[in-house]
Structure formats: structure tokens, C-alpha cells
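The lines below spell out each chain.
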Amino acid sequence: MRRSIFKAIAICATVFSASIASAETFTFTAIPDADESRLNERFGKVADYLTEQLGVDVKYIPVKSYPAAITAFRNDQVQLAWFGGLSGVQARELVEGSEAIAQGYEDQFFKTYIIANAATNLIPREEFPVALEGKTFTFGSKGSTSGRLMPEFYIRENTGKSPEELFSRVGFSGDHSRTIALVESGAYDLGAVNYSVWDIELGLGKIDQSKVNVIWTTPTYPDYQWTIRGDVNARYGEGFKAKVTEALLNMKDEDLLASFPRKSFVPASNSDYAPIYETGKSIGLID
Amino acid sequence: MPQTFSSSVLIKGISTGARLRRLSLFFSLIAIAFLFVADIHLYTPDPWQELSRIGLGLVTPYWPNASELGVSLLYTVSFALLAVSGAAIIGMLLAMWYHWRVVRVLAAAVRSVHEIFWGLMFMQIFGLSATTGLLAILIPFTGIFAKVFSEIFEQQPVTATSTFGKASRLSRFVYGWIPQAWPALASYTRYRFECALRSSAILGFIGLPTLGFHLETAFKQGDYSEAAAVLWLFLLLIASVRFWLKLRLLPVYLLLAVLALPEMPPVNASFIWQFFSQDIWPTALQDGDFNGTWEWVSRVGVNEVWPALWQTIAITQAALVLSGVLALMLYPLASRALVGRWSVLGRFKLLVLRSVPELMLAYVFMLLFGPSALPAILALALHNGGLIAFLLANSSEDANKRIGEGVPKGMMRFAYIDLPQRYPAFLAFLFYRWEVILRESAMMGVVGIATLGFYVDSAFEEIRFDKAFFLIVVAALLNICVDGLSRWLRARSGLKAPTL
């Protein structure tokens, strides 16, 4: 009898201490630019890696969209996030002291492809194609850097017109893979797509180049990055931010990196994203 | 159990045939006029490769990780069950005092905002949590329950309560109206549960862990076999509701639903305060700068609200009439009384139409016809037409149970008996869906149509909650107007007290 009481107390104590430990859980989120399937499974492995490296319990929560990721970051539901260029800038505006700590190797010189359906008879060229007037055009998701912000910026810069003025119709496909599918089918004449998604799908043989092709490539810009909240050192111990940065930069396992998908992570800082902030401001996406 | 909430309505109103004809004609003409205003354009894409991928996916459903799908199925059902139970109870209380204008306005206001937008707002406060999911369904559904329950009460004969003398309003309801109207109330709640399952699934589109989460991801990325697996599971869920949702098992289900909810992170009161005191108000207004505020309002008004208003109304009116036409064409095929055993096929078709999210229908139509208002109108019409046809088929079967031998069958019965009898209820259902179609037109940004909802969505994407809130209020006011107009038209045309 007495033993079972002790047992019950022990169980309660374990449960209680577990719940305390979970209050100290370090949570992150990530939306990869390509392949959003089985996020939990893939990023669960990243969480395991970080748990091992940081010595705290690390959890991953999946989100669906950039605004959702920003909200989770602002509300402290996540303390670390893999943001796109624009969403990272927006998030850091909202959370004082937050910092970009690492970016993908590829994100130092990211670019967007403008793709066209074959029926438009547009051919690939170096300078910005002029004969876009009156065509239909689809961006990716509204808050995407590569699918919206940068292509819109270059369209405005090269034509002096907003997309709505230049094109007969402007849509938002919501996703890079879908942009490709929509332009390939001819539902839209033109589209803007993240170069890495295009290259991956091309490599997998998913794209019929007799129907859709790249006609122009934007200049390079910085994109995805890891952003961390400013208060993590106070909450998880001195030097925690540096430890997280180090763990990310030292992530060498190709299986883990493939989830993002990036070759490796390199150091980054808030100032790297000043061009994105300025661009966002100039086209009115940031106040 | 006495069937459906609609049967009692049907016999009335036939004498008002001429008025109904005029009303139908009037709405059809408006819809045709709006077709010219609406942003319709026909492109000729080459969709067959993508469509064949979709088709192949539909017949080869596949999901690699059954437990993942199982968990989101559990969340979908739990959210729906708990939210509907809560909404039915609060809605019932509001229905008792529905003669108060403040209650009516409150109910109209909360149901005029789409679940997705409630979800997006609560997400700012409660994050991606069970609270967000529950409230996003519970709040608009409460408004709907309040309205419909009050109409069910209105429709009851006064006999039971006239003997109550000076009893309080509460006891008159508890001992009189509610028991008397119980079959209609229960039947309507059951129907709402199906709607809640759909809403719960759709909330996955904005990131809650329900079936829609996986459905949207898979569909978006072109993993059509995986999308089909989720879709089939969802259809199965909707189709099986009538077999497992029993009143006496409800307490057990509710308990299980509470246990199944995902963990709720602690709510930080400062976020709630910040959201209501700062986020949703334009900066100029917070600074007390009224000129600046007016400038802001007129800029949003001219650039976004005004053009969007027209697109929204045009799509809604066209989709409304087309929904009606489709419903009249489809319902006889699903009524056992009219087509016999073949009704199983028709029922299945309606199940598919009303369960597949409009967004997906719009995508398929966009592949076929290119981006314009057309795919949006077709998607809304198919979805809502399917739903109205389902309700009509139910009432047709129900009414025909009472018809004796010797009446004509098949086409003859449809054209000369069933259709004329159904018509008043049909118009009533259609008017009820009016405000729903208006809300749903919000979801059509993907086809390049800038409706009000398109701008609301953009404002959330741009983290401009002040603009989102303003646009939601405008959309809500439009919704309240449409709701009032439909109430007035129904009353005027003698479409009295249909209960849906």
C-alpha cells in the first residue's frame, strides 16, 4: 500500500518536472521553399540535432504560411524561425532585439526566374523583356520574397508600371510549384518562381520545357535566414544565441540540410537584409 | 425521428407562385447584368497534362504515414464537435432573446465574418492552438444558430405555450418551446455539425493541424495521390456522420474530443491587449490624427474597397443564380422518390460537390478556362448548388413518403408535383446561401480576382492588421445588408419561415 503511494508520488513528480522542463523547451519553425510535405518528420530530425547540440529540449512546430510564422515568432510561440527574406524583415520589425544569425549558402545570391508559356513566343534574354504588356501573370505567395517582392520590384523598375497596370491579370498562385504548373498549362502566360524550386523540379524531370521556360533572371539578392528572438540568452542561459548559431553553421548532415534545401548555412546579420527592407518599402509592402 | 427541418415549410406558398416566378426572373436578370460587369475572360490553356495528373491522383490515393493523418482527423472532428456544442447552447440562449435588436445585430455581425478570417484574427492572439480553432468555428456558428433557432421557434404553433400564463421567458422556452421544437432543433444542429466538419478541415488551410493542412499542402505541391487520400478520407467522414453521431453517445464523444485536443500554450494577456488596443487601429488614429485617419480610410476605400465591392457582388450574384439552376438540375437525381435506387449515385455526387473545398474546384476550373471571375463563379456555384440540392433531395424524399399510390413517377412527378412543391423551399434555401456565397467569394484570390476577401487576405499577409480589420468590418456590413435584404424578400414573397 505504502509503496504504491510512493509510486504515485514519484509519477506525479516526474510528470510535474516534465511539465517544468517543457516550459523551457526551445521551439522553432521553418517553411522550406520547396517540398512542404511531411514537415514534422523532416524537421523533427533537425529538432533532434539541435536538442543534442544545445542541451535543451528543442521542438519543431509546422506552420503554413509566412504570416503564421511571423505571428508565432512575435507571440513567442517559437523563438527561432527559418524565414524568407521579406518575412524575416517583417518579423524583426515586430520583435525588438531579434537577429538574423545564419543564412543558407545559396541565400547570399538568391534569384528569381521569370517564366513564360511557350505560346507567348518570348525567348530567354539578358535584358528585361519588354513585350510583357497585356499578358497574364502569376506571382507565388503574396508574402514571398522570391515569388513576389523581388520580381515585383524589377517589374516596376524596368517598366515604370505596377504589375496591375502592366499585365491584364495578376494572380497569386500561393506556391512556387503551382506557379510552374499554371504557366506550363497556359492558365497564366507568365510567372515568377524561386530559382531553386525550378532547378530542383527540372532536375526531377517534372517540367516540360517545350511548354514553359525561363525568359529572364533577376539580379541576385539575399533571401532565407534563421532569425532568433533577442531574449533567448536571458531565458536559456548566457551564450545561448552563440550556441544556436554555431549549431546551425555546423550542420553538415546532408539529410538534415536537404530539408531546407540548402548546401550549408553561413553567418548572416540584420544588415545583410537592408536591401530587402528598402525594396519592401519602395513597393509599399512595408510601411 | 421526424425528419428534416424543411419539410414543414413546403406546402405553404404555392399560391404565391406568380410572385415567386417574378422574383426568380428578377434575380436571373440581375445575374445576367452582372455577368457583363464581372471580370470574365475565356483563355484557352492546355490543361490536359495537369488535369490527367489530378485524375490519376484521384484514383490512386496514397498516404505514407497513417498515424499523421489519423491525428489530424481526430483534431478535425474534435474541433467541430466542441465548437458546435458550444455554439448551439449559446445560440439557443441568444435565440430566446432574438426579439431584442441588439441580439439580432450581434448575431448578424459575428456570422458575417468567414471562419478563415476569424481564424486569422484569433491566431494573432492565441497562436496556432486549439483555442484558435475552436473560437473560429464557435463564434460565427453561434450567430447562425441564434438566427435559425429563433426562426424555428417562430414557426411553432402557439398551443403549448399559451397555457403557461405568467411563467418567465426562460421557463416558457425550457418547458414549452424547446421540447416542442426539439426535432427541428436537433435536425438542424446535426446538419450544422456537417458544416462544422468542413469549416474545421478548411481551417487547416491557415495552419491549424486539421485535415485541411495536409490537403492544401499536397494539392498545392501537385502530390495529387496524397491530396486524394485526404479528400477521400474527408468524404468518408462526412458520409458516415449519420451512422455514428447519436445523441446518447454525445457525452462520450465530447469527453473524448476534449481529451484529444492539442495542447494549449499559455495565453499571454499582453498580446490580447496589444491586438485590441493597437494592432487593429490605423497608426494615424492612435496618434489622434483625424485628418490622417480620414486620408487613410479614403485611400483604402478608393483603391481597394470600392473596386472590390463590385467584383464581390458581381461574382456573388452570378454564382447565386447558377447555384440555383444547378441545384434544381441535381436534386431530382439524388431523391429516392424520383429516381429510385439510382439516387445513391446522385447522393454521392452531391456529397463530393459540397465537401470538396471551393478553392480546389476553382483551381481545376482555372486550369480549364484560365484566370478570371469564371472559375470563381463556377466553383462557388457547384459547391453551393450541391449543398442546396442535398437539402432539396432530403425534403423531396421526406415529403414523398406521405404520398399515396397512383401518383405519376419519374419525370412527370418531378415536373408537375415535386418541383412546384419544392420551389418555395428552394428559393428560401437559396436566399440563405446568399450571404454564405458572399463570404466564400473572399477565397478566390488565386484566380486573380480581387474581391474584398482578397484584400483582407493581402492585409494579413502584409501584417497590416489595421487594414485587415477595416476591410473585415466593410465585408461584415455588406453581409448584414444582404442578410437583411434576403430576410425582407423572403417575408415579402411569402417564403415564410423556412428553417435553414
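## A word on the domain arrangement of chain A
Size of an interface, as often reported, equals the accessible area lost when the parts are brought together. Residues and elements named next belong to chain A. Partitioning chain A into domains gives domain 1 (2-107 + 224-282) and domain 2 (111-217). Summing both sides of the interface, domain 1 and domain 2 together bury roughly 1,000 Å²; the carbon and sulfur share of this comes to 62%. Interface area lost by domain 1 to domain 2 is led by Asp33, Leu86 and Thr279, which between them contribute 42%. Linking domain 1 with domain 2 are zero salt bridges, by the criterion used here. Run the count over domain 1 and domain 2 and you get three residue pairs in polar contact (both at pLDDT 80 or more). Of all the elements in the fold, those that place two or more residues in the side of domain 1 that touches domain 2 are helix H4 (85-94) and helix H12 (274-282). Take the side of domain 1 that touches domain 2: its biggest share by element is four residues, from H12. Within the side of domain 1 that touches domain 2, the residues separate by chemical class into six nonpolar, five polar and four charged.

## Description of the pairing of strand S8 (residues 190-194) of chain A
Residue and element names in this part refer to chain A. Buried residues dominate S8, accounting for five of its five residues. Residues Leu190, Ala192 and Asn194 of S8 are buried on one face, and the alternating residues Gly191 and Val193, pointing to the opposite face, are buried as well. Sheet analysis places strand S5 (residues 112-117) next to S8, joined by five bridges and oriented antiparallel. Each bridged residue has a counterpart across the sheet, and for Ile115 the counterpart in S8 is Gly191. Where strand S6 (residues 136-139) lies against S8, two bridges are found, and the strand directions are parallel. Its bridge partner lying in S8, Phe137 is registered against Leu190.

## Some remarks on the sheet that holds strand S2 (residues 58-60) of chain A
All names here are of chain A. Taking strand neighbours across the sheet as the criterion, the six strands line up as S2-S1-S3-S10-S4-S11 in an open arrangement whose pairing is mixed. Both edges of this open sheet fall to S2 and strand S11 (265-267), since each of them pairs with a single strand only. Averaged over all adjacent pairs, the angle separating strand axes in this sheet is 25°, with direction ignored. Taken together, the four bridges between strand S3 (residues 80-83) and strand S10 (residues 225-228) define a ladder with antiparallel strand orientation.

Definitions and cut-offs
- Residues numbered from 1 in each chain as written.
- Chains lettered and ligands numbered in written order.
- Predicted model: local features only at pLDDT ≥ 70, side-chain atom pairs only at ≥ 80, totals over all residues.
- Heavy atoms only, no water.
- Domains from an automatic or database assignment.
- Buried area = accessible area lost by both parts, 1.4 Å probe.
- Salt bridge = Lys/Arg side-chain N within 4 Å of Asp/Glu carboxyl O.
- Polar contact = N/O pair within 3.5 Å; in protein donor to acceptor, adjacent residues only side chain to side chain.
- Helix = DSSP H or I, 4+ residues; strand = E, 2+ residues; numbered from the N terminus.
- Nonpolar A, V, L, I, M, F, W, Y, C, P; charged D, E, K, R; others polar.
- Buried < 20%, exposed > 50% of the residue type's maximum accessible area, 1.4 Å probe, protein only.
- Pairing = 2+ DSSP bridges.
- Axes fitted to C-alpha atoms, helices over the stretch in contact; angles between N-to-C directions.

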